[in-house]
Amino acid sequence: MGNEVPQLTTSDLERLAAKVVELESQLAQLQSLMSRIDSNSYGKCESCGMEIEMEILAADPNALFCSRHFSTSQNLF
Ligand SMILES: [Zn+2]
């Protein structure tokens, strides 16, 4: 008594596993962001190489496309 260790249930483990997946995807995003900063391609459109508009980067710092190619990139997924 007074020595109760909370038992992890299957749903606890599933929630933790989902959290790990979420964090791993955030980490992957950060790593790709950092590699783009390193290679000086951050803020350039992956499609045309032009600078991505500031308002797009402000809305999504991970944006890969300028306003002209943003909508086409959405259709890929
Ligand atoms: Zn573009």
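The model shown is predicted, which means the values in this text are computed figures rather than measured ones.

Participant: Just checking my understanding: could you explain the overall build of the chain for this structure?
Facilitator: On a plain count of helices and strands, the chain comes out with three helices and zero strands. Counting from the amino terminus, helix and strand elements in the chain follow one another as α-α-α. Within the chain, the proportion of its 77 residues that are buried is 5%. For the chain, the share of sequence-separated contacts (at least 6 apart) that also reach a separation of at least 24 residues comes to 10%.

Participant: What am I meant to see in the confidence of the model for the chain here?
Facilitator: Interpreting fine coordinate detail is not advised for predicted regions of low pLDDT. Per-residue confidence for the chain averages 87 on the pLDDT scale, and 90% of its residues sit at or above 70. Here helix α3 (residues 67-74) stands out as the element of the chain with the lowest mean pLDDT, 75, in contrast to helix α1 (residues 10-38), whose mean of 94 is the highest.

Participant: Please clarify how α1 should be interpreted in this entry.
Facilitator: Each α-helix turn comprises 3.6 residues. Residues three or four places apart therefore point the same way. Here α1 spans 42 Å end to end across 29 residues, near enough to the 42 Å set by a 1.5 Å rise per residue. The element α1 is barely covered by neighbouring structure, given that only zero of its 29 residues are classed as buried. Following α1 by one or two positions, Asn-40 adopts a phi angle in the positive range, close to 65°.

Participant: Explain unusual backbone geometry to me, please; I cannot follow it from the model alone.
Facilitator: As a rule of thumb, non-glycine residues mostly have phi less than zero, and peptide bonds are mostly trans rather than cis. The backbone phi angle of Asn-40 is positive, close to 65°, even though this residue is not glycine. Note that Asn-40 resides in the loop between α1 and α2 (54-59).

Participant: Just checking my understanding: could you explain the environment of Met-50 for this structure?
Facilitator: One can find Met-50 in the loop between α1 and α2. In the structure, Met-50 is positioned 16 residues away from Cys-66 in sequence and 7.2 Å away in space, judged by C-alpha atoms. Sequence-distant contacts of Met-50, that is, excluding residues within four places in its chain, are made with Lys-44, Cys-45 and Cys-66.

Basis of the calculations
- Residues numbered from 1 in each chain as written.
- Predicted model: local features only at pLDDT ≥ 70, side-chain atom pairs only at ≥ 80, totals over all residues.
- Helix = DSSP H or I, 4+ residues; strand = E, 2+ residues; numbered from the N terminus.
- Buried ≥ 20, exposed ≤ 12 C-beta atoms within 10 Å, placed from the backbone.
- Contact = placed C-beta atoms within 7 Å.
- pLDDT = per-residue confidence, 0-100.
- Expected span 1.5 Å × (residues − 1).

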